[in-house]
Amino acid sequence: MPSVPRLVIAAPSSGSGKTTVATGLMAAFTARGLAVSPHKAGPDYIDPGYHALATGRTGRNLDAYLCGPDLVAPLFLHGARGCDLAVVEGVMGLYDGAAGEGELASTAHVAKLLRAPVVLVVDASSQSRSVAALVHGFVSWDPEVRIGGVILNKVGSDRHEALLREALDSTGVPVLGVLRRAPRVETPSRHLGLVPVAERRGDAVEAVAAMAAQVEQGCDLEALLGLARTAGALTCPAWEPPGVAVPHRTVVAVAGGPAFTFSYAEHTELLAAAGAEVVTFDPLRDERLPEGTAGVVVGGGFPEVYAGELSANEPLRKAVADLALSGAPVAAECAGLLYLCRELDGRPMCGVLDATARMSERLTLGYRDAVAVGDSVLAAAGTRMRAHEFHRTVVEPGAGADPAWGVRAPVRRVEGFVRQGVHASYLHTHWASRPQVAERFVRRCRTPGAGGADGAP
């Protein structure tokens, strides 16, 4: 496969402007007629929505913890197939990875796995000559990470820019862009980060256009494209979802719409490869499940924001409950777990699980190592998967369900619910790391009650 020119957009810390620069670059290069492949390091679901808006292509995640280092380059090539350029937005600070795991899953780690040059976005709002020491430190910290240039963000004036450029001359790292303070490109946030594109599409289009205009004006796009073309060759094959021959396709309904925006693109690809006809439904608006639904997948999102509307859609809540009661497979992650509870913040939900959910002041966040406690529609007992947890809610269980996962860190505990065909958990997993999950789920959709008893993982 021909090498895809690529850049990794990183920063010394969160809040430096990675999203603005990465999204702006994607949109600016797309406007020039290039096919741009958008990627996000780490488990973030929200930024890829803005990337997709900027490029017209599906935003994809590259997570060396969830999927393992060996899958990062193949998944990248899968997403970037046929593109002229790929832009990878980093996560946190350049060298920040999974807690206690060294460089694992850091932006630097992803850049090395992709053999890609890094562009460092520096918030210069409160410094001048010190910027040289900061950049020198990041350049020299790991010789295997190639920082090919700097973009200075939040620069206050021409004089400020001159001081910063003069200081950086000594580092030998070229300045590839200077962005002035521009509040108009700020995007609104709430308890779990940016507000997703699906909830503010009109405003999001304007925000992405503003990012593109700022980047077009302040960055040397030709120099950045030239740097992208220096990326090293990747010799691994592109990832492909393993296909399964089936006599007919089985309808799997996947929740979407503004309340359920958290999902990895590879999940629907894996379901389709396993023999599913994937049909999206919106629990806010659709009063029935898609015709012929044999199984339901409800991913993450913000049901707490839409609890009133979700609760008001009683016909769909009953349809989901009836399907689950029949023994059909239902897989739910995080927001999906809340939707399956009896109630959320006092409002009735589907009632599939004897549990109540409520908002909490405490943020639960981090990578997890998990093992399946027993057999379920997703995994056989003992199956190990890596996961990510990110929520500000609490679920108080009742009775009548077994736990889904045993979790080792930060403390040993059991988590989630398994009951008949239902698998519901706070843990987000990336099925590309274990494609058998999708195969097992679709197989159970074709033969309700089997539970994957054939022993497949």
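Reference entry: report on the structure contained in this document. (Residues numbered from 1 in each chain as written. Predicted model: local features only at pLDDT ≥ 70, side-chain atom pairs only at ≥ 80, totals over all residues. Heavy atoms only, no water.)

The next thing to look at is the overall build of the protein. Check the secondary structure of the protein and you find 13 helices and 22 strands. Compactness check: the protein gives a C-alpha radius of gyration of 23 Å against a globular reference of 23 Å for 457 residues, within 12% of the reference. Counting only C-alpha atoms and orienting by the principal axes, one finds that the protein spans roughly 70 × 45 × 45 Å. A total of 457 residues make up the protein; the buried ones form 58% of that total. Accessible area for the protein stands at about 17800 Å²; split by element, carbon and sulfur atoms hold 51% of it. Each charge sign in the protein was given a centre, from 43 positive and 48 negative side chains, and these centres are 2 Å apart. (Helix = DSSP H or I, 4+ residues; strand = E, 2+ residues; numbered from the N terminus. Rg over C-alpha atoms; globule rule 2.2 N^0.38 Å. Buried < 20%, exposed > 50% of the residue type's maximum accessible area, 1.4 Å probe, protein only. Areas by Shrake-Rupley, 256 points an atom, 1.4 Å probe, with all protein chains shown as cover. Lys, Arg positive; Asp, Glu negative; His and termini not counted. Charge placed at Lys NZ, Arg CZ, Asp CG, Glu CD.)

The 7 strands are arranged β3-β2-β4-β1-β5-β6-β7 in an open sheet whose pairing can be described as parallel. Where the open sheet ends on each side, the last strands, each with one partner, are β3 (60–62) and β7 (175–180). Across the sheet, the mean angle from the axis of one strand to that of its neighbour is 25°, orientation sign disregarded. Note: strand β1 (residues 6–10) against strand β5 (residues 118–123), 3 bridges, orientation parallel. Residue pairing in the sheet places Val8 in a bridge with Val118 of β5. Helix α5 (residues 130–141) contacts β5 and β6 (147–155) of the sheet and is inclined by roughly 150° relative to β5. (Pairing = 2+ DSSP bridges. Axes fitted to C-alpha atoms, helices over the stretch in contact; angles between N-to-C directions. Contact = heavy atoms within 4.5 Å.)

Axis angle and axis distance: for two packed helices, these are the angle between their axes and the distance between the axes, and together they describe the pair. Packing of helix α1 (residues 18–31) against helix α2 (residues 47–55) leaves a shortest axis separation of 8 Å and a crossing angle of 20°. Taken together, α1 and α2 sit at an angle that is classed as roughly parallel. Crossing angle aside, the handedness with which α1 passes α2 is right-handed. Touching Thr19, Thr23, Met26, Ala27 and Thr30 of α1 are Asp47, Tyr50, His51, Ala54 and Thr55, all from α2. (Parallel < 35°, antiparallel > 145°, perpendicular 65-115°, else oblique. Left-handed = near helix turned anticlockwise from the far one by under 90°.)

Turning our attention to the side chain of Ser106. Take Ser106: it is sitting in the loop between β4 (85–89) and α4 (107–114). Those residues in contact with Ser106 that lie beyond four places of it in its chain are Leu94, Tyr95, Asp96 and Gly97.

Now for the packing of helix α3 (residues 72–80) against α4. It is at 9 Å that the axes of α3 and α4 come closest, and there the two elements cross at 70°. One element, α3, and the other, α4, form an angle in the roughly perpendicular class. Counting all contacts with α3, which are made through Val72, Ala73 and Phe76, the residues of α4 involved are Val110, Leu113 and Leu114. Looking at the contact of α3 with α4, its residues break down into 6 nonpolar, no polar and no charged. (Nonpolar A, V, L, I, M, F, W, Y, C, P; charged D, E, K, R; others polar.)

This brings us to the sheet that holds strand β20 (residues 417–419). Spatial strand order, β11-β10-β12-β13-β21-β20: 6 strands in an open sheet with mixed pairing. Single-partner strands in this sheet number two, and they are β11 (276–281) and β20. Strand-to-strand twist in this sheet, taken as the mean axis angle between neighbours without regard to direction, amounts to 15°. Pairing of strand β10 (residues 250–255) with strand β12 (residues 293–298), which is carried by 4 bridges, proceeds in the parallel orientation. By the bridge assignment for β12, Val254 is matched with Val297. Against the sheet, helix α11 (residues 314–325) touches β11, β12, β13 (330–333) and β21 (422–425), its axis set at about 110° to β12. Sitting on the sheet, helix α13 (residues 436–446) is in contact with β10, β11, β12 and β13, with an inclination near 145° to β12.

Each α-helix turn comprises 3.6 residues. Residues three or four places apart therefore point the same way. Over its 12 residues, α11 runs 16 Å from end to end, which matches the ideal 16 Å to within 8%, given 1.5 Å per residue. Trailing α11 by a residue or two, Gly327 shows a phi angle of about 95°, which is positive. (Expected span 1.5 Å × (residues − 1).)

We now examine the packing of aromatic side chains. Here the structure, examined in full by the defined rule, presents 7 aromatic pairs. Ring geometry for Tyr45 versus Phe262: centroids 5.0 Å apart, planes at 5°, classification stacked. With Tyr45 in the loop between β2 (36–41) and α2 and Phe262 in the loop between β10 and α9 (265–273), this pair connects stretches of sequence that are 217 residues apart. We classify Tyr45 as buried; its relative accessible area is 11%. For Phe262, a relative accessible area of 5% gives the class buried. Taking the centre distance of 4.3 Å and the plane angle of 25° together, the rings of Tyr65 and Tyr367 count as stacked. One end of the pair, Tyr65, is in the loop between β3 and α3; the other, Tyr367, is in strand β16 (residues 355–372), with 302 residues separating them in the sequence. Accessibility assignment for this pair places Tyr65 and Tyr367 in one class, buried. Through successive ring pairs, a cluster of aromatic residues spans Tyr45, Phe262, Tyr264 and Phe302. The ring of Tyr65 has Arg386 sitting right over it, with the charged end atom 4.1 Å from the ring centre. (Phe/Tyr/Trp six-rings, centres within 6.5 Å; stacked < 30°, edge-to-face > 60°. Lys NZ or Arg CZ within 6 Å of the ring centre and 35° of its normal.)

Here we take up the nonpolar core. In terms of nonpolar packing, the biggest core is built from 115 residues, with Phe76, Leu94, Leu152, Leu224 and Leu271 touching the most fellow members. With 7 residues, the top contributor of residues to this core is α1. Not counting chain neighbours up to four residues away, the residues in contact with Leu94 comprise Ala10, Ala11, Pro12, Ser106, Thr107, Ala108, Val118, Leu120, Phe138, Val145 and Ile147. Formed by 39 residues, the second largest nonpolar core is a distinct cluster that contains Leu338, Leu344, Val352 and Val395. (Core = buried A, V, L, I, M, F, W, Y, C linked by side-chain atoms within 4.5 Å.)

Taken as a whole and assessed by the stated rule, the structure comprises 22 salt bridges. Residue Glu240 is joined to Arg81 by a salt bridge in which the shortest nitrogen-to-oxygen separation is 2.7 Å. Here the residue Glu240 occupies a position in the loop between α8 (221–228) and β10, and Arg81 occupies one in the loop between α3 and β4, the gap between them amounting to 159 residues. On the accessibility criterion, Arg81 (34% relative accessible area) is partly exposed. Here Arg180 ties to Asp158 by a salt bridge, and the two come within 2.6 Å at their closest N and O atoms. Of this pair, Arg180 sits in strand β7 while Asp158 sits in helix α6 (residues 158–168), and the two are 22 residues apart along the sequence. You can call Arg180 partly exposed: its relative accessible area is 30%. (Salt bridge = Lys/Arg side-chain N within 4 Å of Asp/Glu carboxyl O.)

Time to look at the environment of Gly406. Position of Gly406 among the secondary structure elements: in strand β18 (residues 405–407). Residues Gly406 and Arg368 lie 38 residues apart in sequence; the distance between their C-alpha atoms is 9.9 Å. The residues contacting Gly406, other than those within four sequence positions of it, are Asp369, Ala370, Val371, Val373, Arg413 and Val414.

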